[in-house]
Amino acid sequence: MGKTIVCDGNEAAAWGVSLAKPDMIAVYPITPQSSLAEHLTEFIASGRLSADLMDVEGEHTVLSVLQGACLAGARTFTATSAQGLAFMFEPYYRTPNLRLPIVMAIVTRDGISPQTVWGGQQDAMTVKEAGWIQMYAESNQEVLDSIIMAYRVAEHPEVLLPVNVCLDGNFLSYGIEAVSLPDSRLVDEFLREKSTNWHAALDPERPMAVDPLTGGGSAQGASMFVRYRKGQCKGMQKALGVIEDVHAEYAAKIGRSYAPLIESYRMEDANFAIMTIGSMTGAGKDAVDMARNQGKMVGLLKVKTVRPFPVDALCRSITRIKALGVVDRSVNYGWNAGFLYQEVLGAMYHGTTRVSAVSFIGGLSGSDITVEKHFRRVIDVTERAYRGDVVKETIWLNEDD
Amino acid sequence: MKKQAKRMFDPSTIPDDLCPIATEFFDMQVGDWRAKRPVVIRTKCTKCGTCWAYCPTQCVVERDTWFEADLKLCKGCGICAQECPRHAIIMVDEEDS
């Protein structure tokens, strides 16, 4: 039987990893991921988790050794944050192209400079175009459950892509909640047999070079290169359905369900809505409830899956509303707005509904997005947009804090 | 390993657009890239082996009374000519030879 413990998000992540039974783990400590690494090493030292732990000198090597392990058929895990992720970028960017089902937690943290060790989603959002699947958790329980589900998504034969489970640094990584541990046998049944990219997997009976020079102007180079790129895009699009199926199966087997792509909260009769991501969502829902009590017809959309972006799910969820206030914990410098906001603008072009969208940026470098001060403002400004005001400027929520 | 081999050779279970692999070996002649070739002046060569020790591609081969580059592998970097204490190696343009 499963049991309930009280722990922070980093420990919840380590329990999720432990239940997924990876064969090899490599981690290099970095704030705010460090205690996740410590819990994993403790689980291995105590025998709770039977995995090889690689002691390596930095994040570049962390992911490189896991690529090798994955090519040898191992189930693998790692976790990092911010500058560690930046140092990991060279193998990070190669992993999806090699179609390796590695699972990595990003304990999200704001980007340097200015020097910061606190939460924000600048790290994960900056690398979201590299080809990894990205899911953002709202609670510590969702961190644990999503790490288990991530292996089913990554190892699906029609997906075969690496997955990031993103948890907010500080708010989730160090925030303590009750977390239910699912029964290990049920998790085993749910996860099924380990799988990897067998096309490139190590086999002494079939010697090969993985990732030879491909492309260029020579015979068939261009068409071969396009075929691999298109295959990768096909896997990414396939992942949307697989993520939904895996969440449904997890709910049926383990008994906990989450909106796999976009969650709708009080949207049935809403005239306008706010959009959240990750741990800020609880405060967002409280603010929506308070506004509802004052007669405002507001709802909330929470994005869990950012890559692949759930375009259809977004278009379906905005058909009844006229305005949407998008709250980001990261800055898209190129657009002078939030990343999620920009995703929403892009997705709307694929649907028939255009809503008036407003970009809010808050929660940078560990700052708080509170119900009373910040979400109330988000709702008020979005309501103004619903009434017809044009709000073009990005609103920086913690500007006066 | 048996299990992997079985899966790998059942093509119906493996998409062919996952990632590139190479199973045939091609012998690339890096000597084809060369712009200048090292020519050993045998009367000056004392067979000290400095060129052999310095060659980054380890293509210097031993002859009876001298050393010289294996031109299938020599990229023409000129380090041997630079390091030779007897100035017994000169670099000659490929176009002229």
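No experiment lies behind these values; they were computed from the predicted model shown.

Focus: the overall build of chain B
The secondary structure content of chain B amounts to three helices and five strands. Secondary structure elements of chain B, listed N to C terminal, follow the sequence α-β-β-α-β-β-α-β. Counting across all 97 residues of chain B, residues that qualify as buried make up 34%. Contacts in chain B between residues at least 24 apart in sequence constitute 62% of all its contacts with a sequence separation of at least 6. With an accessible surface of roughly 6,800 Å², chain B has 52% of that area assigned to carbon and sulfur atoms.

Observations regarding the environment of Ser223(A)
Residue placement: Ser223(A) occurs in helix 9 (residues 221-254). Once the C-alpha coordinates of Ser223(A) and Gly334(A) are considered, the two residues, 111 residues apart in sequence, prove to be 32 Å apart.

Here's the deal with helix 13 (residues 371-387) of chain A
All names here are of chain A. A rise of 1.5 Å per residue sets the reference length of helix 13, with its 17 residues, at 24 Å; its end C-alpha atoms lie 22 Å apart and thus fit the reference within 8%. Buried within helix 13 are the following residues: Val371, His374, Phe375, Val378, Ile379, Val381, Thr382, Glu383 and Ala385. Along its buried surface, helix 13 packs onto strand 11 (272-277), helix 10 (281-293), strand 12 (298-303), strand 14 (323-328), strand 15 (356-361) and strand 16 (395-396). Structurally, the start of helix 13 carries an N-cap: the backbone nitrogen of Lys373 is 3.3 Å from a side-chain oxygen of Thr370.

Notes on the nonpolar core
Counting residues in hydrophobic clusters, the biggest one holds 132 residues, and the most contacted among them are Phe77(A), Ile133(A) and Leu324(A). Looking at this core element by element, the count peaks at nine residues for helix 7 (residues 140-154) of chain A. For Leu324(A), the residues in contact, after removing those within four places along its chain, are Ala273(A), Ile274(A), Met275(A), Leu301(A), Ile318(A), Val344(A), Val355(A), Ser356(A), Ala357(A), Val358(A) and Thr382(A). In terms of nonpolar packing, the next biggest core, distinct from the first, is built from 15 residues, Cys51(B), Val60(B), Phe67(B) and Ala69(B) among them.

Focus on the packing of helix 1 (residues 9-20) of chain A against helix 2 (residues 34-45) of chain A
All names here are of chain A. At a minimum axis separation of 8 Å, helix 1 and helix 2 run at an interaxial angle of 40°. When the axis of helix 1 is compared with that of helix 2, the two are oblique. Taken as a pair, helix 1 and helix 2 cross one another with a handedness that is right-handed. Contact residues: Asn10, Glu11, Ala13, Ala14, Trp15, Val17 and Ser18 in helix 1; Ser35, Leu36, His39, Leu40 and Phe43 in helix 2. Considered class by class, the residues forming the contact of helix 1 with helix 2 number seven nonpolar, four polar and one charged.

Points about the pattern of salt bridges
All names here are of chain A. Counted under the stated rule, the structure contains 35 salt bridges over all chains. Between Arg384 and Asp389 there is a salt bridge, with its nearest N and O atoms 3.2 Å apart. The structure contains a network of salt bridges with shared partners spanning Glu138, Glu142, Glu263, Lys285, Lys302 and Lys304.

A few points about the packing of aromatic side chains
Residues and elements named next belong to chain A. In this structure the tally under the stated criterion is six aromatic pairs over all chains. Between Phe272 and Tyr386 the ring centres are 5.7 Å apart and the planes differ by 25°, which places this aromatic pair in the stacked class. Highlighted residues: Phe272 in strand 11 and Tyr386 in helix 13, separated in sequence by 114 residues. A relative accessible area of 2% places Phe272 in the buried class. Taken together, the aromatic side chains of Phe89, Tyr92, Tyr93 and Trp132 make up a single cluster linked through ring pairs. Of note, Lys285 hangs over the ring of Tyr265, and the distance from its end group to the ring centre comes to 5.4 Å.

Here we look at the side chain of Thr95(A)
Inspection of the secondary structure puts Thr95(A) in the loop between helix 5 (89-94) and strand 5 (103-108). Discounting residues that sit within four places of it in the chain, Thr95(A) has contacts with Leu63(A), Gln67(A), Leu100(A), Ile102(A), Trp132(A) and Pro162(A).

Here's the deal with the sheet that holds strand 7 (residues 163-168) of chain A
Residues and elements named next belong to chain A. Strand order in the open sheet formed by seven strands is 3-2-4-5-7-6-13, and the pairing between neighbours is mixed. The sheet terminates laterally at strand 3 (52-54) and strand 13 (305-307), the two strands that pair on one side only. Neighbouring strand axes in the sheet, compared pairwise and without regard to direction, differ in orientation by 20° on average. Pairing of strand 6 (residues 133-136) with strand 7, which is carried by four bridges, proceeds in the parallel orientation. The residue bridging Tyr136 from the neighbouring strand is Cys166, located in strand 7. Helix 2 rests against strand 2 (24-26), strand 3, strand 4 (76-80) and strand 5 of the sheet, and its axis sits at about 150° to strand 4.

A closer look at the sheet that holds strand 16 of chain A
Residue and element names in this part refer to chain A. Strand order in the open sheet formed by six strands is 10-12-11-14-15-16, and the pairing between neighbours is mixed. One side of each edge strand has no neighbouring strand; the edge strands of this open sheet are strand 10 (262-265) and strand 16. Here four bridges tie strand 11 to strand 14, and the two strands are oriented parallel to one another. Bridged to Ile274 within strand 14 is Gly325. Across the sheet, helix 10 touches strand 10, strand 11 and strand 12, and the angle it forms with strand 12 is around 170°. Along the sheet face, helix 12 (residues 339-348) touches strand 11, strand 12, strand 14 and strand 15 and points at about 145° away from the line of strand 14.

Describing the interface of chain A and chain B
On the side of chain B, 18 residues touch chain A, which itself brings 30 residues to the contact. For the pair chain A and chain B, the summed buried surface comes to about 2,300 Å²; carbon and sulfur atoms form 59% of the total. Our count for the chain A to chain B interface comes out at one salt bridge. Notably, a salt bridge pairs Asp17(B) with Lys234(A), separated by 3.4 Å at the nearest N-O pair. Those elements giving two or more residues to the side of chain A that touches chain B turn out to be strand 9 (209-210) and helix 9 of chain A.

Thresholds applied
Residues numbered from 1 in each chain as written. Chains lettered and ligands numbered in written order. Predicted model: local features only at pLDDT ≥ 70, side-chain atom pairs only at ≥ 80, totals over all residues. Heavy atoms only, no water. Helix = DSSP H or I, 4+ residues; strand = E, 2+ residues; numbered from the N terminus. Buried < 20%, exposed > 50% of the residue type's maximum accessible area, 1.4 Å probe, protein only. Contact = heavy atoms within 4.5 Å. Areas by Shrake-Rupley, 256 points an atom, 1.4 Å probe, with all protein chains shown as cover. Expected span 1.5 Å × (residues − 1). Polar contact = N/O pair within 3.5 Å; in protein donor to acceptor, adjacent residues only side chain to side chain. Core = buried A, V, L, I, M, F, W, Y, C linked by side-chain atoms within 4.5 Å. Axes fitted to C-alpha atoms, helices over the stretch in contact; angles between N-to-C directions. Parallel < 35°, antiparallel > 145°, perpendicular 65-115°, else oblique. Left-handed = near helix turned anticlockwise from the far one by under 90°. Nonpolar A, V, L, I, M, F, W, Y, C, P; charged D, E, K, R; others polar. Salt bridge = Lys/Arg side-chain N within 4 Å of Asp/Glu carboxyl O. Phe/Tyr/Trp six-rings, centres within 6.5 Å; stacked < 30°, edge-to-face > 60°. Lys NZ or Arg CZ within 6 Å of the ring centre and 35° of its normal. Pairing = 2+ DSSP bridges. Buried area = accessible area lost by both parts, 1.4 Å probe.

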